[in-house]
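Report on the structure
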Amino acid sequence: TECVSGCMCPDGLVLDGSGGCIPKDQCPCVHGGHFYKPGETIKVDCNTCTCNKRQWNCTDNPCKGTCTVYGNGHYMSFDGEKFDFLGDCDYILAQDFCPNNMDAGTFRIVIQNNACGKSLSICSLKITLIFEVCLELVITEELLLEGRIQEIATDPGAEKNYKVDLRGGYIVIETNQGMNFMWDQKTTVVVHVAPSFQGKVCGLCGDFDGRSRNDFTTRGQSVEMSIQEFGNSWKITSTCSNINMTDLCADQPFKSVLGQKHCSIIKSNIFEVCHSKVNPIPYYESCISDFCGCDSVGDCECFCTSVAAYSRSCSRAGVCIDWRTPAICPVFCDYYN
């Protein structure tokens, strides 16, 4: 009805945000705060999404499940549920010897938590992998203890259904059935399972059924509200004692402040492009907690583990960030290569 100040487009065209006018069907799509032109594709997990008329058209491939344990008892289940659990026992991390698996079981991963140093923090130092080979019910075990691999075979002549490899700083174990296990020889464990395991696994890593709300299913098949009770139900033996969660920073204000300073890298502009895809707050909080659990302020391993965990989650979301420097959690790639 009257003249309006500003840039306007002719009928049938819209502003493209850069001072130009384009047809509506040429409008971009948005993902993670970034704009993509029509026809451009992005990878989301194991699927490909194509921009078309402002909407994403994505493939519907079943993706592998990933469970991560890092630092001072921080877990992320196959279905993405994040929780903290501490214990001084042997626990079933993941297995397919489960009531909801009609097939014969093939693997069991047992994680042993031990106190590290003088602090109250708990870290994983020993992992036992138990495999069922062929149909002869031959059990072999891989004991991973402080960077050493010890193999105990019930039948040494049986054909192995797994292989062990050293990749960089990680010990990697792959099975023929599609379970991959990675350990950084410190406090980080990553378990990958193929889509064929969906709904067939159980343990601290959950059941990989696509729903996170039932991830706290106990060994007795009930859904527990208490994380501590859920974790304790997966103990190998009931004789070892339970540990109550404590705030490691409560009595250490100096360490808490210092931890906030170091861990702020997770919320900084270094990881800015990932913030819209992976929430940094849970990783930032676990980083501060782990920093308070370190025996000495100079022990950067507690801090590095949490930052590396966030970096891995960003990488899975399609954002690769080069955050390590000679001064911040360096990795000597030349040595490992």
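The rules behind the values
- Residues numbered from 1 in each chain as written.
- Predicted model: local features only at pLDDT ≥ 70, side-chain atom pairs only at ≥ 80, totals over all residues.
- Heavy atoms only, no water.
- Core = buried A, V, L, I, M, F, W, Y, C linked by side-chain atoms within 4.5 Å.
- Buried < 20%, exposed > 50% of the residue type's maximum accessible area, 1.4 Å probe, protein only.
- Helix = DSSP H or I, 4+ residues; strand = E, 2+ residues; numbered from the N terminus.
- 1 Å grid on protein atoms, 1.4 Å probe; cavity = no way out; pocket = protein on both sides within 12 Å on 5 of 7 lines; lining within 4 Å.
- Points joined across faces, edges and corners; volume = space filled by probe spheres on them.
- Nonpolar A, V, L, I, M, F, W, Y, C, P; charged D, E, K, R; others polar.
- Disulfide = S-S within 2.5 Å.
- pLDDT = per-residue confidence, 0-100.
- Contact = heavy atoms within 4.5 Å.
- Expected span 1.5 Å × (residues − 1).
- Pairing = 2+ DSSP bridges.
- Axes fitted to C-alpha atoms, helices over the stretch in contact; angles between N-to-C directions.

1. Regarding the nonpolar core
Grouped burial of nonpolar side chains is what soluble globular proteins tend to show. With 37 residues, the main nonpolar core has F78, L93, F107, I109, M179, F181 and V191 as its most contacted residues. Those elements that provide at least two residues to this core are β8 (65-70), β11 (90-95), β12 (107-115), β13 (122-133), β17 (170-175), β18 (179-183) and β19 (189-193). Per element, the largest residue contribution to this core is four residues, and it comes from β11. Counting 27 residues, the second-largest nonpolar core is a separate cluster that includes I288, F291, V307 and A308.

2. Side note on the layout of surface pockets
What the second largest pocket holds in volume is close to 720 Å³. The wall of the second largest pocket is formed by 28 residues, among which D45, F78, S313, R316 and A317 lie closest to the centre. Of all elements in the fold, only β5 (41-44), β8 and α5 (301-316) reach the threshold of two or more residues within the lining of the second largest pocket. Looking at the lining of the second largest pocket residue by residue, the classes come out as nine nonpolar, 12 polar and seven charged.

3. Here's the deal with the state of the cysteines
For the structure on display, the rule yields nine disulfides. Paired by a disulfide, C9 and C21 hold their sulfur atoms 2.1 Å apart. Taking the sign of the S-S torsion, -90° for the link of C9 and C21, the bridge is left-handed. Of the two residues, C9 is situated in the segment before β1 (13-15) and C21 in strand β2 (residues 21-23); the sequence distance between them amounts to 12 residues. For C21, a relative accessible area of 34% translates into the label partly exposed. Unpaired in this structure, C27 has its nearest cysteine sulfur neighbour in C29, at a distance of 9.2 Å. There is no disulfide at C320, and the cysteine sulfur nearest it, in C314, is 9.6 Å away.

4. Looking at the confidence of the model for the protein
Per-residue confidence for the protein averages 82 on the pLDDT scale, and 84% of its residues sit at or above 70. Looking across the protein, the model is least confident in strand β14 (residues 138-145), with a mean pLDDT of 56, and most confident in β19, with 93. Per-residue pLDDT stays below 50 along residues 134-139; that stretch engages in 11 contacts with residues further than four places along the chain or on separate chains.

5. Here's the deal with helix α4 (residues 281-293)
Residues separated by three or four positions in an α-helix point in the same direction, a consequence of the helix having 3.6 residues per turn. Between its first and last C-alpha atoms α4 spans 19 Å; for 13 residues at 1.5 Å apiece the expected length is 18 Å, and the two agree. If you check which residues of α4 are buried, you get Y283, Y284, S286, C287, I288, D290, F291, C292 and G293.

6. Quick word on the sheet that holds strand β9 (residues 74-76)
Read across the sheet, seven strands follow the order β10-β9-β8-β19-β18-β17-β16 without closing on themselves; strand pairing throughout is antiparallel. Where the open sheet ends on each side, the last strands, each with one partner, are β10 (82-84) and β16 (162-167). Within the sheet, the average angular offset between the axes of one strand and its neighbour, ignoring direction, is 15°. Bridging between β18 and β19 involves five bridges; their strand directions are antiparallel. If you follow N180 over to β19, its bridge partner there is H192. Those strands touched by α4 are β8, β9 and β10, and its axis lies near 155° from that of β9.

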